[in-house]
Amino acid sequence: MKFDQPAQTNPIDQLKVVGRATDRVDGPLKTTGTAPYAYEQYQAAANPAYGYVVGAAIAKGRITAMDADEARHAPGVLAVITAGNAGKLGKGSHNTAALLGGPEIQHYHQAIALVVAETLEQARAAAQLLRVDYARSPGAYDLAAVRDTATEPAEAMPDSRVGDFDGAYARAPVKLDASYSTPDQAHAMMEPHATLAAWEGDKLTVWTANQMIAWARSDLAETLGLPEDKLRVVSPYIGGGFGGKLFLRADVVLAALGARAIGRPVKVALSRPLMFNNTTHRPATLQRIRLGAEADGRLTAIAHESWSGDLPGGGPELAVQQTRLLYAGANRLTALRLAVLDLPEGNAMRAPGEAPGLMALEMAMDEMAEKLGLDPVAFRILNDTQVDPEKPERPFSQRRLADCLRSGAERFGWHARRSPGSRREGNWLIGLGVAAAFRNNLVMKSGARVRLDRHGMLTVETDMTDIGTGSYTVIAQTAAEMLGLPLDKVAVRLGDSDFPVSAGSGGQWGANSATAGVYAACVRLRERVAERAGIPPAEASFADGQVRGGGGRGMTLAQAAAEGELVAEDSMEFGDLDQRYQQSTFGAHFVEVAVDYATAETRVRRMLAVCAAGRILNPKSARSQVIGAMTMGVGAALMEALHIDKRQGFFVNHDLAGYEVPVHADIPAQEVIFLDETDPMSSPMKAKGVGELGICGVGAAVANAIHNATGMRVRDYPITLDKLLPGMPERAELG
Amino acid sequence: MKSFTYEKAQSPAEAAAAAARIPGARFIAGGTNLLDLMKLEVETPAHLIDVNGLALDRLEPLSDGGLRVGALVRNTDLAADARVRRDYPVLARALLAGASGQLRNKATTAGNLLQRTRCAYFYDTNQPCNKRVPGSGCSALEGLSRPLALIGVSRACIASHPSDMAVAMRLLDAGVETVKADGSRRLIPIADFHRLPGDTPQHESALAPGELVTAVSLPPPLGGKHYYRKVRDRASYAFALVSVAAILQPDGSGRVALGGVAPRPWRLESAEAALPLGARAVTEQLLAGATPTQQNAFKIPLVQRTLSAVLAEAQG
Ligand SMILES: Cc1cc2nc3c(=O)[nH]c(=O)nc-3n(C[C@H](O)[C@H](O)[C@H](O)COP(=O)(O)OP(=O)(O)OC[C@H]3O[C@@H](n4cnc5c(N)ncnc54)[C@H](O)[C@@H]3O)c2cc1C
Ligand code: SF4
């Protein structure tokens, strides 16, 4: 099915199931521990052996000698896989560095071996017996130091110039020129990358934890040099991904190689200390923002430049992309620069681009409002735009940013905000902060198959994944709505490359695109059912488990399938509506912080997000997505940072004790409001994504609240207490 | 983790004797620190002596009015004990500021005192670390040193001692009761229990080979107001950047000990005389001669400000 015209009224608009707060259908499996994650696929393959991944001890250089003899002869060891005996390996199109390194080493903890043994403990013990000699090469590990060598990544995002930025900036009566930095960050999801691999002849099945089944399959095929039809990728439950599981990683490749070597299934999970340097991370950025405005607050000049680094062949962090669209202003410049760094591979993490980009841009907007003497909410509304500022002939499909800001301000009690550093409660300095949230709505082709059996049970099959987001549930809701069934008559099967290819989970495109694919398949199934019932498809209506036509003709869906299962398959393909209309999601984040005057510890006291993101398919799981993302935004603002050892070239704090993410005690009351909205340009679902919108802008809202509390502006994230201490008032000064 | 042999000790004296006799033997209590280090092969004991069955899990009043805390009393139980909460609230607060509920259920008094540093390089066996491999160098000195120590350190090692409980024990002038391999018993003042790194950062305590901690005895209660203020990057479940333990008396006298700044709980009795002069004077004496790195120099003003807030609270 092709979606190239705005959506009309369709069965989803009935909202009998869709749009209602619905418990996750996979919830009971999760809470009872019976959802089989990759490492717990006990039924899938009998008697697996265990693999333990060994990471490189240097960041850049070569292995000059490797002695695996002792490891091979250790108790229980079945095989030691290295680049030397793995055979020729290719590289997946989404990977930058090789997933099995050696002799060349491209980054710290790049996998160099898999030790396979009867038990995990034996494999782990033997892994330490591997003797490896290295010759180090000098590498680049410090973004600031190599900043000036960075070049324009023209393929990823060329520089964009509109009007005459330099001239307009020079003429602007009010100006801001400020630099910001965001650190490298880790996804730090609960479930590590894990895979169980089993061969049957020349066919390989991997049970793994992956967000994008089709990418995993094609990249695995490329890496192992096998045709795709010999590979099956299964990933029904995923314990968090945040972009860290978008790609094929070493666990899959090494489990497959290990299983082939010993002729027996092998399972592999990355150990926690490996996760930070072996896999991908959100790259650090250095950003410079220049804003020029008229005295009345209208922006006339906007420039946003961002520097990031990656391994050779890697890509930039797209930290300026929102700046092309967020605010009006006739003269604009956005530019990315990419340097070569020999740190682990940078790649997507929840809201890549916007998350770090808005941490800078929305702090700059706060600073500019202050310079202009304007309220930050009013300043943003003043510079709102209903069209793409670079191409004014191109409107937004929906844009209710101003509504989000206005209604949020009212709800949050924004009027109570005082001038910086002037509100105190006991030992706490109190501040309020606001930031706009913005994230593009991406649409991706997505397919599904639906089966109706003679009990009237509908089964949906698609390779869509549920990474804890609630995909199972919104897909069940969609199918139930389309066929007029209650939720308990719908079964959803996800995450299997034997199923039709879907959009997968990434870029917050999953829920809207995947349900649109299910919609398409259900439209086909409705036709088949109507046919069976002898009703012209256009006249058929589906409700209460029945199909009905004019004159009361009809039957139950079970009857329609009595003679044999009815199966329909289709996919949703998206036309050029996203070219003709800019589709984005919007929000406003409001944050209240308290900063301890003595220790400069920041504690968030209240948070509110108002989101305008099309139809909300399941308010309950959508809220979960947004509060989770807000939590991550607090982490980014206050504590999360991978610390680089600039001599050795690696992230030092590579465990969950050293890489701090927020705990319950850090997160206060969170409120989420979704504006009532549908976007007929996005899909027949009229929905958009929310999973990433929730993190966009949060960091800046926290930072702006800290400024309001203390009067201090910290432009280098995270805003830890050591950065605030030098400017904190003495006790005597507090009065 | 390397393979190891295991025994359940039958009595404290036998445990100590076995530990001294068997090469590479270590005691295991809650295992919350030792097992993690064994999985990473930061520690590779050849033999574990499980001391959990030794009936050292009691709290007993002492004839002088103090309290004896068995070496195996769990952190949770110690923090919840009514006598501790009434007479030694600083200890209860320090305990509850540490780790998580689950960990405190397992963690023991002796294990807590003897837990090892959280220096990130200590945990990564690819990196030089004098504490893990004597003579290999200290990666933290010019690396990630933000969480580490700035006083009592040496060029060989700037690791900080991570315990909260130990800071309160030092403040209270606890005594560590032990039994040695030859069966003899002794009492080690807590001030002498943890060693400074010098050139041998691998040696962390005054214990002789095989010596087993059997209890920690607390002197009679001191009265006064008790404070344990732990400063950290997140609100819970994080090690202290700095912590300030204090007992302050109505007459302005008192005691102060610090966590997060030194290789052991940091207290200088001489500095306490300056309490009536305020936080700056006390901090100047407590941290005189500190050699911070660029990354952890902030701990000096942080200590002073935190102590200042504690003193203000005591007065108000
Ligand atoms: C994630 C995490 C967070 C933490 N956060 C904090 C925190 O915020 N604050 C804090 O203070 N602590 C924290 N801890 C540390 C925790 O308090 C210690 O791990 C615990 O107290 C150790 O006690 P245990 O009984 O488990 O010791 P074990 O691991 O069993 O032993 C530790 C050491 O003590 C030795 N030992 C044990 N008993 C005896 C004995 N009777 N005599 C002689 N030697 C003995 C062992 O041989 C070993 O070397 C944290 C730990 C973890 C894992
Ligand atoms: S500070 Fe101590 S523990 Fe850390 S690397 Fe240096 S020697 Fe090792």
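Check the entry above for the structure.
Residues numbered from 1 in each chain as written. Chains lettered and ligands numbered in written order. Predicted model: local features only at pLDDT ≥ 70, side-chain atom pairs only at ≥ 80, totals over all residues. Heavy atoms only, no water.

Caption draft 1: Region of interest: the overall build of chain A. If you tally the helices and strands in chain A, you get 18 helices and 30 strands. In terms of overall size, chain A behaves like a compact globule, its C-alpha atoms giving a radius of gyration of 27 Å where 735 residues would be expected to give roughly 27 Å. Taking the principal axes of the C-alpha coordinates as reference, chain A spans close to 80 × 80 × 50 Å. The 735 residues of chain A split such that 64% are buried. By sequence separation, contacts in chain A at least 24 residues apart represent 81% of the contacts at least 6 residues apart. As displayed, chain A offers around 25,200 Å² of accessible surface, 49% of which is attributable to carbon and sulfur atoms. (Helix = DSSP H or I, 4+ residues; strand = E, 2+ residues; numbered from the N terminus. Rg over C-alpha atoms; globule rule 2.2 N^0.38 Å. Buried < 20%, exposed > 50% of the residue type's maximum accessible area, 1.4 Å probe, protein only. Contact = heavy atoms within 4.5 Å. Areas by Shrake-Rupley, 256 points an atom, 1.4 Å probe, with all protein chains shown as cover.)

Caption draft 2: View of the pattern of salt bridges. Residues and elements named next belong to chain A. One pass over the structure, following the stated rule, counts 70 salt bridges over all chains. Between aspartate 26 and arginine 24 there is a salt bridge, with its nearest N and O atoms 3.4 Å apart. The shortest N-O distance in the salt bridge between arginine 288 and aspartate 177 comes to 2.7 Å. Of the two residues, arginine 288 is situated in strand β14 (residues 285–293) and aspartate 177 in strand β9 (residues 174–182); the sequence distance between them amounts to 111 residues. Take arginine 288: its relative accessible area is 25%, and that puts it in the partly exposed class. With a relative accessible area of 41%, aspartate 177 lands in the partly exposed category. (Salt bridge = Lys/Arg side-chain N within 4 Å of Asp/Glu carboxyl O.)

Caption draft 3: Geometry of the interface of chain A and chain B. Facing the 38 residues of chain A at the interface are 34 residues of chain B. Applying the counting criterion to the chain A and chain B interface returns five salt bridges. Close ionic contact of Arg229(B) with Glu601(A) constitutes a salt bridge, the shortest N to O distance being 2.7 Å. Here chain A is connected to chain B by 16 residue pairs in polar contact (both at pLDDT 80 or more). Broken down by secondary-structure element, the contributors of at least two residues to the side of chain A that touches chain B are α3 (120–127) and α18 (721–724) of chain A. Taken together, the residues of the side of chain A that touches chain B sort by class into 18 nonpolar, eight polar and 12 charged. (Polar contact = N/O pair within 3.5 Å; in protein donor to acceptor, adjacent residues only side chain to side chain. Nonpolar A, V, L, I, M, F, W, Y, C, P; charged D, E, K, R; others polar.)

Caption draft 4: The environment of Asn33(B), seen in detail. By the secondary structure assignment, Asn33(B) is in the loop between β2 (25–28) and α2 (34–39). Excluding anything up to four places from it in sequence, Asn33(B) contacts Gln115(B), Arg116(B), Arg118(B) and Tyr123(B).

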